[in-house]
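# Chains, contacts and geometry: an overview
Spelled out from the first residue to the last, the chains are:
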Amino acid sequence: MKRAWRLLLRRSLTSIPVLMLVITGTFLLLENASGDAADAYLVAIGGGDAGYVADLRAEYGLDRSVWVRLWFYISNLAQLDLGQSVALNRPILDVILERLPVTLWLMGSAVALSFVFGSLLGVLAGARPGSATDRTLSIGSLALYSVPSFWLGLVLSVVFAVQLRWFPVSGIETIASGKTGLARAGDIALHLVLPVASLAMLYLALFLRLMRAGMAEVWRQDFVLAARARGIKHHKIILQHIARNALLPLITMLGLQAAGMLGGSVVIEGVFGIPGFGRLAAEAVSGRDAPLLMGVILTSSILVILVNLAVDMVYALLDPRVGASDPA
Amino acid sequence: MSALVSLEGLSVRYPRSTTPALEAVTMSVAQGEKLAIIGESGSGKSTLARALVDLLPRGSRCDGTITWQGGSPAPGRDYGYVFQDPGSSFDPILSIGAQMVEVLQTHFPLTRHDARVRAAALLARVQIPAPELALDAYPHQFSGGQKQRIAIAIAIATGPKLLIADEPTSALDTVVQAEIVALLQELVESDAMTLLFITHDIALASGLADRIAVFRNARLVEIGTANEIITAPRRSYTRGLVAAHLDLTTPVLIGDVP
Amino acid sequence: MNFVARFIRSPEGIAGLVLLSLLAAAALLAPVFFPGDPLAIEGRPLLRPFEHPGLPLGTDRLGRDVMAELFHGARASMIVGISAAAVAILVGALVGTLAGFGGGLIDEALMRVVEAFQIVPGFLLALAFVSVVGPSLTVVVIAIALGSWTGPARLARAEVLSIRERDFVAAARVIGMHPLEIAVKEVLPLALPPVMALTSVIVAGAVLTEAALSFLGLGDPNIVTWGSMIAEGRNVLRSAAYLSIVPGLGLVALVLGVYLFGEGLVEALARREGQG
Ligand SMILES: Nc1ncnc2c1ncn2[C@@H]1O[C@H](COP(=O)(O)OP(=O)(O)O)[C@@H](O)[C@H]1O
Ligand SMILES: [Mg+2]
């Protein structure tokens, strides 16, 4: 446990300069947006006179140099102030915190489902490398992995929402349904089925392939032969030893995929009209709302860092060799 | 002396391999003897051991007959197997205790607690210091020699009648080698086990074994008592082996290992 | 047995090769079969497939020839996929080589930059970049490469760290070659092949990212892409779902072809090692 905490501390310290780089880089990129926040705001409210524009620019700090503004941004950030959304005219942090839970639910369920079913199918495929089951699952997962998730979302909604009417077409809950408590949770879950399925398929394929490849790798290791020679039952060798060892790369992959999943939520939330964090990014782009986009990118980077810290911890708990060489 | 197992015309071919790894081997292992298998690397020694106890990779072809006294042995119960590389004979992410308990519970109806007590006793028997603590440690926390001791403890956990040790000391340094050999010898004698000891070191073989079988290029060259093989080898290959060793170390071979 | 023969023995590789050849032929022949602008209006809107002899797959909501759009879309997807992967691998290999060969502070600084790019979701970065610079084919290529050069960079660095200890590098130092020259001329060419193994994954990822960008309306508005066709078809999803489904199948075929082809290559390489 001590090992894991030490690792956690070291990783969090090294991620600070990286985060600073992200802030600076994103700030400079969005700085170059044609038309600034004042323009966007003017468009939003329908124009204004020159004096008003100057005031507005001063208010946003747009009359100062880039570096001064970056400094302002960072010092505001230190007080958890992400600035004001131009398009929505609300504090960015509020908007993000409001939109984030839906997306976390969406991604959390997709990851949980795909991890469980992907690794189980991977065990099935990896239990007998080269068997018919193995080859079928392997080709099938590759095909599934080639499907764009947003397109899969559309196809699923055509079939299950438009044709069969099993699930709602879009949104996160039935508007003005007046449902509360469990009924409301059920309603939201129903709305999440198709988007979760479209996201989960991709990751299911990924985890299946990783698990299968990992198991094939572990099969070749000598300790498997040693376990056979000790009389350990075949199914126990597969589940307790091979699958367990093969699970480790999957945990790492969870961290590596965190960024990709957040990116993927943009299109999926667009397809299913879910008012989440990903949709917020698309709204920031279409509303030319640079501060909001900046806030979204920053928040997702922090999320990615947090997910990776969690993944490192879990990995350290599962693999006793990690961080073992550190001075105690 | 009755034969524990006898082989007749045993040939083995690994999957996707064009040449046999073992060809027409006929020999037997006597009940209670210490038999050394010697031969250079690739001569088929490990293949022989794996074929005997049915541990060849899936898809290998095995011709000839293997006759066990009392039917084919159950892995882990009727024989214990010690591998060359102690580093890779453990699951790297499970504690030593968990792996020992798993083996013990596979073969005996024991509670987890009782299995742990028995595991600690086994570790004490192979002279691992602080056995209780060692149970909670992981394989990478032990030295090569200690790992091999633990592997031996697991191999003898069920009190098997046969112990197979496939070059158990080749991956270790000389001092540790001697300790491990002494430990094996002591255990085999006190538990009256049959020992199949594989090595490429003729001196080690002659010091430890009652009989020696010499292998070369997948074939059995000759088999005889340790004394016969060392003092009166019948085949020129064996004579060469013995002579090469005599050139290097002058003292007598028999009895020069503790 | 030579490489081609080994490749041919892999069923995955063959399937990938066939898929890719068909799609490449479609992409190359698009201007021949459909010389006009695929965005031009060719007939009545929403003609059903097989309804009109000149328009085998019918028309979309604006009366554009779906078949022509599909062919030209293959072109866009392949161009973006290949160019983005080429940029990502070259930039990545270069940065990785500099980091690995430079060592010390250079390495430290460059690797922090790599990490920074890794924690920003690539798709958001592409979104931001395109929205700032404005959508065009080149910008989309760069935007996608921004999110995919870190893998090659890390791999190249690892390779270089092992290569730089070899004798010929020391020899090059002794004869007075400039370190930068050694890095680019001597080390980079050796570090590149293992990095190239990432190609199929990066190409596939680039194709999918491009599709997602144009699905969101951030692709080059002057060319047809499969992503924009899917987005366009969405407007008539209830009455003419195939307008979205068909270009998606094109994407699946292309990405699958790339993966299968990549698997075939890996298998052929592994077989050589296995026999050696
Ligand atoms: N798993 C395997 N697959 C194919 N060939 C093998 C395998 N294991 C061993 N061999 C081959 O079989 C022959 C005998 O090997 P082995 O019994 O391990 O020799 P030894 O133990 O005497 O060093 C060698 O030529 C070796 O290359
Ligand atoms: Mg051997």
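All figures in this text were calculated on a predicted structure; none of them were measured in a lab.

### Observations concerning the overall build of chain C
Counting its secondary structure elements, chain C contains 12 helices and zero strands. Shown N-terminal to C-terminal, the secondary structure of chain C runs as helices and strands in the order α-α-α-α-α-α-α-α-α-α-α-α. Its C-alpha atoms give chain C principal-axis dimensions of about 75 × 50 × 30 Å. Within chain C, buried positions represent 50% of all 276 residues. Here the analysis covers contacts within chain C between residues at least 6 apart in sequence; of these, 72% occur between residues at least 24 apart. Of the accessible surface of chain C, which amounts to about 12,200 Å², a share of 68% is contributed by carbon and sulfur atoms. Computing the positive centroid from 18 side-chain charges and the negative centroid from 21, chain C places the two 3 Å apart.

### Observations concerning the packing of aromatic side chains
Tallied over the entire structure, the rule returns 11 aromatic pairs over all chains. Where F27 of chain A meets Y73 of chain A, the ring centres are 5.6 Å apart and the plane angle is 45°; that geometry is what we call tilted. Of the two residues, F27 of chain A is situated in helix α1 (residues 2-31) and Y73 of chain A in helix α4 (residues 66-78); the sequence distance between them amounts to 46 residues. Taken individually, F27 of chain A and Y73 of chain A each receive the classification buried, so the pair is uniform in this respect. Seen from their ring centres, F117 of chain C and W149 of chain C are 5.1 Å apart, and the 70° between their planes marks the pair as edge-to-face. Of the two residues, F117 of chain C sits in helix α4 (residues 104-119) while W149 of chain C sits in the loop between α6 (137-146) and α7 (150-163), which places them 32 residues apart along the sequence.

### Describing the site of ligand 1
Residue and element names in this part refer to chain B. Within the structure, ligand 1 sits among Y14, A21, E40, S41, G42, S43, G44, K45, S46, T47 and P57. Taking S43, its main chain carries an N or O atom lying 3.2 Å from an oxygen atom of ligand 1. In this structure, an oxygen atom belonging to ligand 1 sits 2.7 Å away from a side-chain N or O atom of S46. Summarising the interface, the protein chains cover 60% of the accessible area of ligand 1, which totals 560 Å² for the free molecule. Along the lines of polarity and charge, the residues of the shell around ligand 1 split into three nonpolar, six polar and two charged.

### A short note on the interface of chain A and chain B
Contacts between chain A and chain B engage 22 residues on the former and 26 residues on the latter. In total, chain A and chain B occlude about 2,200 Å² of area from one another, counting both sides; carbon and sulfur atoms represent 59% of this. Remark: the boundary between chain A and chain B carries zero salt bridges. Linking chain A with chain B are eight residue pairs in polar contact (both at pLDDT 80 or more), by the criterion used here.

### Brief notes about the interface of chain A and chain C
Taken together, the contacts link 44 residues of chain A with 39 residues of chain C. Between chain A and chain C lies a buried interface of about 3,500 Å² when both sides are counted; carbon and sulfur atoms form 80% of it. Applying the counting rule to chain A against chain C returns two salt bridges. Residue E12 of chain C pairs with R135 of chain A through a salt bridge whose shortest N-O separation is 3.4 Å. In this structure, the connection of chain A to chain C is made through five residue pairs in polar contact (both at pLDDT 80 or more). Within the residue set of the side of chain A that touches chain C, elements represented by two or more residues are α1, α6 (132-145), α7 (149-163), α10 (234-272), α11 (277-286) and α12 (290-318) of chain A. Tallied by class, the residues present in the side of chain A that touches chain C amount to 33 nonpolar, eight polar and three charged.

### Focus on the pattern of salt bridges
All names here are of chain A. Summed over the entire model, instances satisfying the criterion amount to 28 salt bridges over all chains. The partner of E283 in a salt bridge is R99, with the nearest N and O atoms 2.9 Å apart. Residue E283 is found in helix α11, and its partner R99 is found in helix α5 (residues 92-127); the two are separated by 184 residues along the sequence. Residue R99 is classed as buried on the basis of its relative accessible area of 11%. A single salt-bridge network, built from bridges that share partners, covers R99, R279 and E283.

### Considerations on the sheet that holds strand β7 (residues 194-199) of chain B
Residue and element names in this part refer to chain B. The six strands are arranged β5-β6-β7-β3-β8-β9 in an open sheet whose pairing can be described as mixed. Only two strands of the sheet have a single neighbouring strand rather than two, namely β5 (79-82) and β9 (219-225). Sheet twist, expressed as the average angle between the axes of neighbouring strands with direction ignored, equals 15°. Against the sheet, helix α5 (residues 144-155) makes contact with β5 and β6 (162-166), and its axis sits at roughly 165° relative to β5, the strand it touches most.

### A few points about the sheet that holds strand β2 (residues 22-30) of chain B
Residues and elements named next belong to chain B. Overall, antiparallel pairing links the three strands, which are arranged β2-β1-β4 in an open sheet. In this open sheet, the two edge strands, each paired with only one partner strand, are β2 and β4 (61-68). The mean angle between the axes of side-by-side strands here comes to 5°, regardless of whether they run parallel or antiparallel. One ladder, built from six bridges, connects strand β1 (residues 3-13) with β2; its direction is antiparallel. Bridge pairing in β2 links L10 to V25. The strands touched by helix α1 (residues 45-52) within the sheet are β1, β2 and β4, with β1 carrying the most contacts at an inclination of about 115°.

### Re the packing of helix α2 (residues 11-33) of chain C against helix α3 (residues 66-102) of chain C
Residue and element names in this part refer to chain C. It is at 8 Å that the axes of α2 and α3 come closest, and there the two elements cross at 120°. Here the hand of the crossing between α2 and α3 comes out left-handed. Residues L20, L23, A24, A26, A27, L28, A30, P31 and F33 of α2 lie in contact with α3, whose contacting residues are F71, H72, A74, R75 and M78. Class assignment of the residues belonging to the contact of α2 with α3 gives a composition of 12 nonpolar, one polar and one charged.

### Brief notes about the arrangement of the chains
Most contacts, when the two pairs of chains in contact are compared, are made between chains A and C. The two partners chain B and chain C share no contact, and the minimum distance between any of their C-alpha atoms is 11 Å.

### Points about the pairing of β9 of chain B
All names here are of chain B. Sheet topology places strand β8 (residues 211-216) next to β9; six bridges connect them, and they run antiparallel. Following the sheet pairing, I212 is matched in β9 by G224. Hairpin connection between β8 and β9: a loop of two residues separates the two successive antiparallel strands, and N217 in this loop has a positive phi of roughly 45°.

### Here we look at the environment of G231 of chain A
Along the chain, the position of G231 of chain A falls in the loop between α9 (222-229) and α10. C-alpha separation for the pair G231 of chain A and W5 of chain A, spaced 226 residues apart in sequence, amounts to 37 Å. In contact with G231 of chain A, other than residues within four places in its own chain, are P75, G76, T106 and H107 of chain B.

### So, the confidence of the model for chain C
Of the residues in chain C, 98% reach a pLDDT of 70 or more, and the chain-wide mean stands at 89. This prediction of the complex comes with two scores: 0.86 for pTM and 0.90 for ipTM.

### A closer look at the nonpolar core
With 203 residues, the main nonpolar core has F150 of chain A, M100 and L163 of chain B together with L127 and L213 of chain C as its most contacted residues. No other element matches α10 of chain A, which puts 17 residues into this core. Among residues more than four places away in sequence, those in contact with F150 of chain A are V267, I268 and V271 of chain A together with A211, A212, F215 and I230 of chain C. Of all hydrophobic cores here, the second largest spans 31 residues; its members include L7, V25, I37 and V53 of chain B.

### Description of helix α5 (residues 122-133) of chain C
Residue and element names in this part refer to chain C. With 12 residues, α5 extends 16 Å from end C-alpha to end C-alpha; this agrees with the ideal 16 Å at 1.5 Å per step. The element α5 is largely enclosed, with a buried count of 10 among its 12 residues. Every buried residue of α5 is listed here: F123, L124, L125, A126, L127, A128, F129, V130, S131 and V132. At the exit of α5 stands G134, carrying a positive phi of roughly 100°.

### So, the packing of helix α2 (residues 96-107) of chain B against helix α3 (residues 112-125) of chain B
Residue and element names in this part refer to chain B. It is the contact of α2 with α3, at a shortest axis distance of 9 Å, that shows an interaxial angle of 110°. Judged on the interaxial angle alone, α3 and α2 are roughly perpendicular. The way α2 lies across α3 gives a crossing that is right-handed. Note on element contacts: α3 touches α2 through R112, A115, R116, R118, A119, L122 and L123, opposite M100, V101, L104 and Q105. Class assignment of the residues belonging to the contact of α2 with α3 gives a composition of seven nonpolar, one polar and three charged.

About the criteria used
Residues numbered from 1 in each chain as written. Chains lettered and ligands numbered in written order. Predicted model: local features only at pLDDT ≥ 70, side-chain atom pairs only at ≥ 80, totals over all residues. Heavy atoms only, no water. Helix = DSSP H or I, 4+ residues; strand = E, 2+ residues; numbered from the N terminus. Buried < 20%, exposed > 50% of the residue type's maximum accessible area, 1.4 Å probe, protein only. Contact = heavy atoms within 4.5 Å. Areas by Shrake-Rupley, 256 points an atom, 1.4 Å probe, with all protein chains shown as cover. Lys, Arg positive; Asp, Glu negative; His and termini not counted. Charge placed at Lys NZ, Arg CZ, Asp CG, Glu CD. Phe/Tyr/Trp six-rings, centres within 6.5 Å; stacked < 30°, edge-to-face > 60°. Near = heavy atom within 4 Å. Polar contact = N/O pair within 3.5 Å; in protein donor to acceptor, adjacent residues only side chain to side chain. Nonpolar A, V, L, I, M, F, W, Y, C, P; charged D, E, K, R; others polar. Buried area = accessible area lost by both parts, 1.4 Å probe. Salt bridge = Lys/Arg side-chain N within 4 Å of Asp/Glu carboxyl O. Pairing = 2+ DSSP bridges. Axes fitted to C-alpha atoms, helices over the stretch in contact; angles between N-to-C directions. Left-handed = near helix turned anticlockwise from the far one by under 90°. pLDDT = per-residue confidence, 0-100. Core = buried A, V, L, I, M, F, W, Y, C linked by side-chain atoms within 4.5 Å. Expected span 1.5 Å × (residues − 1). Parallel < 35°, antiparallel > 145°, perpendicular 65-115°, else oblique.

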